[in-house]
Structures are given as C-alpha cells and as structure tokens.
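A look at the structure
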Amino acid sequence: MTKTKALIELPAFITVRELAAVMEVSPIDVIKELMSNGIMANINQDIDFDTAAIVAGEMGFEVVSQAEAAAAVEEVIDEKDLLAWRRVLAKEDAANLQTRPPVVTMLGHVDHGKTSLLDVIRQTNVQAGEAGGITQHIGAYQVEQDGKLVTFLDTPGHAAFTSMRARGAQATDIAILVVAADDGVMPQTREAADHARAAHVPIIVAMNKIDLPTANPPKVKQQLSEIGLIPDEWDGDTMIIPVSAKERLGIEDLLEAILLVAEDINPRANPKATPSGSVLEASIERGRGVMATVLVQNGTLRRGDTLLVGNHYGRIKSMYDFRGRQIKEAGPSTPVAVSGLNDIPHAGEQFTVVKTEKEARRLIAEMQEDMRQDADGRGAGMSLDEFFSRLQEGDVKTLNLIVKADVQGSLEPIVNSLGKLGDDEVSLDILLAATGNVTESDVMLASASHAVILGFNVEIDVVAQAAASSEGVQISNYTIIYKLIEDVEKAMKGMLDPVYEEVLIGRAEVRQVFKIRGVGQIAGCYMRTGVARRNAQARLIRNTSLLHSGPVSSLKHLQESVREVKAGFEFGVSLENWNDFRPGDYIEFFVTQRVENT
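Okay, so let's go over this structure.

So, how was this worked out
Residues numbered from 1 in each chain as written. Predicted model: local features only at pLDDT ≥ 70, side-chain atom pairs only at ≥ 80, totals over all residues. Heavy atoms only, no water. Pairing = 2+ DSSP bridges. Helix = DSSP H or I, 4+ residues; strand = E, 2+ residues; numbered from the N terminus. Salt bridge = Lys/Arg side-chain N within 4 Å of Asp/Glu carboxyl O. Buried < 20%, exposed > 50% of the residue type's maximum accessible area, 1.4 Å probe, protein only. Axes fitted to C-alpha atoms, helices over the stretch in contact; angles between N-to-C directions. Parallel < 35°, antiparallel > 145°, perpendicular 65-115°, else oblique. Left-handed = near helix turned anticlockwise from the far one by under 90°. Contact = heavy atoms within 4.5 Å. Nonpolar A, V, L, I, M, F, W, Y, C, P; charged D, E, K, R; others polar. Phe/Tyr/Trp six-rings, centres within 6.5 Å; stacked < 30°, edge-to-face > 60°. Lys NZ or Arg CZ within 6 Å of the ring centre and 35° of its normal. Patch = residues over 30% accessible without salt bridge, like charges linked within 9 Å, V, L, I, M, F, W, Y side chains within 5 Å. Areas by Shrake-Rupley, 256 points an atom, 1.4 Å probe, with all protein chains shown as cover. Lys, Arg positive; Asp, Glu negative; His and termini not counted. Charge placed at Lys NZ, Arg CZ, Asp CG, Glu CD. Core = buried A, V, L, I, M, F, W, Y, C linked by side-chain atoms within 4.5 Å.

**What to know about the pairing of strand β28 (residues 545-557)**
Pairing geometry for strand β27 (residues 537-542) and β28, over six bridges, is antiparallel. Among the inter-strand pairings, Leu540 is bridged to a residue of β28, identified as His548. What sits between β27 and β28 in their antiparallel hairpin is a turn of two residues, with Asn543 showing a positive phi close to 55°. Looking at chain direction, β28 and strand β31 (residues 570-575) are connected through four bridges and run antiparallel. Note on β31: the bridge partner recorded for Ser554 is Ser574. Bridge count between β28 and strand β29 (residues 560-561): two bridges; the pairing is antiparallel. The residue of β29 that forms the bridge with Lys556 is Ser561.

**Regarding the pattern of salt bridges**
Close approach of charged atoms allows side chains of opposite charge to pair. The tally for this structure, following the rule as stated, stands at 17 salt bridges. Across the salt bridge formed by Glu588 and Arg539, the nearest N and O atoms sit 3.3 Å from each other. Remark: Arg539 occurs in strand β27 and Glu588 occurs in strand β32 (residues 586-595); sequence separation between them is 49 residues. The class for Arg539 is buried, based on a relative accessible area of 16%. Within the structure, one salt-bridge network assembled from shared partners comprises Glu502, Arg507, Arg539 and Glu588.

**Observations regarding the packing of helix α14 (residues 440-449) against helix α15 (residues 462-471)**
Where α14 contacts α15, the two axes come as close as 8 Å, and the packing angle between them is 15°. Considering their axes alone, α14 and α15 lie roughly parallel with respect to each other. For α14 against α15, the interelement crossing comes out right-handed. In this structure, α14 uses Glu440, Val443, Met444 and Ser447 to contact α15, whose residues at the interface are Val463, Ala464, Ala467, Ala468 and Glu471. When its residues are assigned to classes, the contact of α14 with α15 shows six nonpolar, one polar and two charged.

**Re the sheet that holds strand β20 (residues 350-354)**
With respect to topology, six strands assemble into a closed barrel ordered β13-β14-β19-β17-β16-β20, the strand pairing being antiparallel. On average, each strand axis in the sheet is inclined to that of its neighbour by 45°, with strand direction left out of account. Relative to strand β17 (residues 312-320), strand β16 (residues 306-309) runs antiparallel, the two being bridged by four bridges. Note on β17: the bridge partner recorded for Thr306 is Arg315.

**Describing the packing of aromatic side chains**
Throughout the structure, instances matching the rule amount to two aromatic pairs. Taking 6.3 Å as the distance between ring centres and 80° as the angle between the ring planes, the aromatic pair formed by Tyr141 and Phe322 counts as edge-to-face. Remark: Phe322 occurs in the loop between β17 and β18 (329-330) and Tyr141 occurs in strand β7 (residues 139-145); sequence separation between them is 181 residues. Judged by its relative accessible area of 11%, Tyr141 is buried. For Phe322, a relative accessible area of 26% corresponds to the partly exposed category. Lying over the aromatic face of Phe590, Arg539 brings its terminal NZ or CZ to 4.2 Å of the ring centre.

**Some remarks on a nonpolar patch on the surface**
On the surface, Phe514, Ile516 and Val519 cluster together into a nonpolar patch covering about 270 Å² of accessible area. With respect to the element layout, Phe514 can be found in strand β25 (residues 499-516). Looking at Phe514, the relative accessible area reads 39%, which means it is partly exposed.

**Thoughts on a negative patch on the surface**
There is a patch of like negative charges on the surface, built from Asp146, Glu252, Asp253 and Glu256. If you trace the backbone, Glu252 turns up in helix α10 (residues 251-265). Judged by relative accessible area, Glu252 falls into the partly exposed class, the value being 49%.

**Quick look at the nonpolar core**
By size, the foremost hydrophobic cluster in this structure holds 27 residues, and its most contacted members are Leu117, Ile121, Phe152, Ile176, Ile204, Leu254 and Ile258. Counting residues per element, the ones that place at least two in this core are β6 (103-108), α6 (114-121), β7, β8 (148-154), β9 (174-180), β10 (203-208) and α10. Setting aside residues up to four positions removed in sequence, Leu117 forms contacts with Met106, Val178, Ala206, Val243, Ala245, Ile251 and Leu254. Listed in part, the 22 residues of the second largest apolar core include Ile505, Met527, Leu540 and Val573.

**Quick word on the side chain of Asp321**
In this structure, Asp321 sits in the loop between β17 and β18. For Asp321, the contacting residues outside a window of four places in its chain are Ile327 and Pro335.

**A closer look at unusual backbone geometry**
One non-glycine residue, Arg248, lies in the positive phi region at around 55°. The residue Arg248 is located in the loop between β11 (240-242) and α10 in this model. Phi is positive for Leu558, which is not a glycine, with a value near 55°.

**Brief notes about α6**
Extensive coverage of α6 is indicated by the burial of seven of its eight residues. Residues of α6 that are buried: Lys114, Thr115, Leu117, Leu118, Asp119, Val120 and Ile121.

Functional significance is not addressed by these values, which are geometric in nature.
If you want it as structure tokens, here you go:
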C-alpha cells in the first residue's frame, strides 16, 4: 500500500519561519530548499502559496490552502478519495485567487530607447528631466489597454533587475527587451537576455527605431536568433514587435503582445491576503521623511498598515499612486509611494504587513539573532568546493556557470569543452558566456542564480570584487583551459550520488565443520588469499553456486576472537543467518566501499 503524504494547510502567503513551524522542521532546511529552487529568502520573508507548496512537496508533505481545507471540512473523505479531494480543492483555490495586472520590466542596451519607449506608453515626459537621457532611478507606472491594466517598471537596466532577484524579489512577470533596429544586438542586449532567461521570465522583443533609414530588421532578427530568441514568424517562440518611440509606431501592437503573454501566464494574487511585495526604490525627502516606492504583489496595502522591510519598519502615514495622488489602499501589482518607515530600505527587499510596530521590532530582533547563529546567513553565492554540500537531493542536479574569457578564440573551446560534461544525472547550465572582464553585473547574476564565475585571462574590477565578497560569489580566474575544465569536472563528480561497489579482500576454504550447542555450525577454514575480517561481509560458494551472502558473525583463531586473519592461517568463522557449512565450500570476504563516480 502506498504511504500517504502528511497533509498540511497553508495560507495564500506565509513566512519562512511559519512554514518551518507547520512542517516541524528547521527554518534553515526550508531556506536551503528555497535556494535549490532559485529563491533567496530570509527567515521572516513572505512566500506565496505556490512556492510554499513546492517546498513542502519536496520535503514530503501534501499541501492544501486553508480556504480549500475549510471548504472540504464538511465532506467525509477517505484516503482513497484523496485525488478527488485535490480536484475539489483546486477548484476552490481558483476561486480564492484573482487575475492581477502583469508586471513588465524594460531591459536592453543603454541607448536603445527604453525610457523613450516607456515615455510614449505612459504619455508623460520623464526622460527630459533626466541627466544625459539615461534613467537615474527606478520608477513604476500603470497604463490601460483594452480595459486592462499593465504595470511597468522602469529600471536603469538588467543590473538593477538582477539585483532585485538576488535579494529575493521576483517582481517581474514579463521582460521587454528593447533592441535598436539600426544597432542590433549589443553586449548589453545579450546580458539582458541572459538575465531575463535566468529569471525564467517570458521575453518580448521591442525592435525600436524602425523609422531610421539605417534600420535593418532582418539582420536584427538573425542576431536575435543567434542568442536564442527565435522570432515566432520563423517558428520560434519570441514575439518581435517593430516600434518607433519617436514616431509613436507599433505601441498598440506592443501592448497587445503584452496582454497576449499575460493571458498565457495568467498572473494571479489574493487581494484578501496579508499584504506583501517588493521595494523598488527609497530615499529621504524634505518634509516627508523616508519615502519608499513599493510594488504590492499580494493582498491589499492600506494607509495605517505597519510595514516590516528587512531590518526596518514603520506605520504608513501617507500613500501615493504613480501620478502622485494620495490614495487609501492599493491592490496586487499596484506601485505606490509610502512614508513612515524608520530608515531607508534597500531596493529589492521584500515587505510584509504586521500587526504592530512592537511585533515588527520583535521579529527583527529574532531575525538578527538567527543570522548570527546561522552560517547560511551569508551571501547567496556558491563555490565549487561547497556546491555539493549545499545542494539538495533531487533527480536532476545543475551547476550554474558564468564564463568570461579574454577573446572569442578562447571562449569557444571552453564552452565546447564544458558542454561535453554532464549526463542524465548531472547537468551543467552556462547562464552567460562572453568576452571581457568580470563586472558587477556578472556577480549579481551569479548571486541571483547561485552560479560560479569562471574567468580565463580576464581581470576582475574592484567593484566586482567587492560585490563578490559581500554576496558570497566565487570568481575563479584561470590561465590554462584544461585546468578550468578539470576543476568543473571535479565539482560535477562531487555532485553525483555516491556509488558503492563490493571489493574482494580474501578467500578461504572450509575444511572442517564443528557444531556448538547454542551457537550452531562453525566453519573451520584455511585462509588461502587476502584477509578475513570480523567487520566484513561474506559470501558462501558451493560448486560455483552462491548460496548465501551476509555479515560475519564471529571470527576466531586458536579459540580467541580476532579482528582479522591473514593468508596461510587456520581459523573458525560463523555467518549470520547461515547454518549449513560443508567441507569444500569457499567463503569470500568483501567490503563495500565508495568509488569515484564519473
């Protein structure tokens, strides 16, 4: 009979600490399981029901939501009807969640027109007030298309996007990769695409500046296909929308594409849950104090709520929408600016609502104590040496790598050699392979994706070194290709599940059989080769047939118990669960030991 998993009830959102308490396991085990699924979370951070269900499922639990369980309480259901119960609960769960606006992030090369495009979309003129035409802050805006809202995050680039992921904020549903039709795919375009893919976010390409006489759409599509973004018109899965921010062309098509992808991924949230979300930016403003722009991801945030954000807290004194108007509440996918926090939180930190400021201070104190006691409170990174020890058990194990080389001629053989490593049990994923020095952007991608950075004849800039130190990311620089490949291969061998094999250590011949009352048969043997050991296993062979295999029960030489007997000596032996020795039998002694797995 199949053993039924333990059934637990979970709310739509739950903290890591609360989830650990429900499962009666260590919060550190929950954090490690989250890490293995690509999510960085601290002990007091909220995770949604779907994430909690995945973690609990990996740890051996069957999960239902509290609302689902309440709906099913009135029914008497046997264990054999568990599948029917799941179907009922899935229907109830769908009723509790509501579709929310998709959250979209613009990524791309520095001057390919991200802000200009967003400027047209939201019908404002933000760019004119920004130095050099480069986005200097993270903003958030909502637009309406066909009666549906879309939330846009205007970031300074993929570095900020990935920095938020490194802090546990998976705030984006869809990534818009802006590519200029005249410049085509640039190094930052490649990096942005790699970062979006590492976040498992669907990508829509906005091919900007198609009004220019130098625009070359076919060439751009070819370049995009070379980095894995194959146009849907070429039987790929990437929508490429021609647009012009300057001439306001293709904007409607882009918004329609966003709604189409949103309909496919169907982002949902529970507006009645405990409010939680991500910090997009924060600063001190004269007359207002600390102002934080936050994105509500679940629940409904209200003026007067008490926020807990990392080590900071405060009661919301005022709340403004993206137009600067005062509002009293904000639902899922709504960006708002709030005042009232006691200090400036970091962009990307998660917030949740607690009952009182007193409770917030208590939770912060507990979190700080846990971080002092737990070595896992360090950065999100990984090293080749510790990778296996920090990896959770699973059917498939993946080593994430970022490879930087001095020239393309070095990069290609490295990538080709690494691609030959791995098998059905262990896989290797190269998140980014590019030429050039190791930068802070590389480190943040490694931190967010738990990857190791491998460099070949490159330099590591000072900012990247500092970021790697704080995030716990390993950067290994090599001057010999085979040494780089060798180190990765060793790390992957460490990832393999251990393999054990039987090693023959000795062979003895049974010459006499003795019967001892209360003990049974004892085989009087002559040790022909190797050694016999008390803690070994033994096989009894008669006329080339294996009759028994099991542990050695006793081993004696001249009536004295011994640990081992060497070749050329006589001795007596008994085996567990065997009592039928005959002269002429052979006993083989063997041990089971771990062997190197390739």
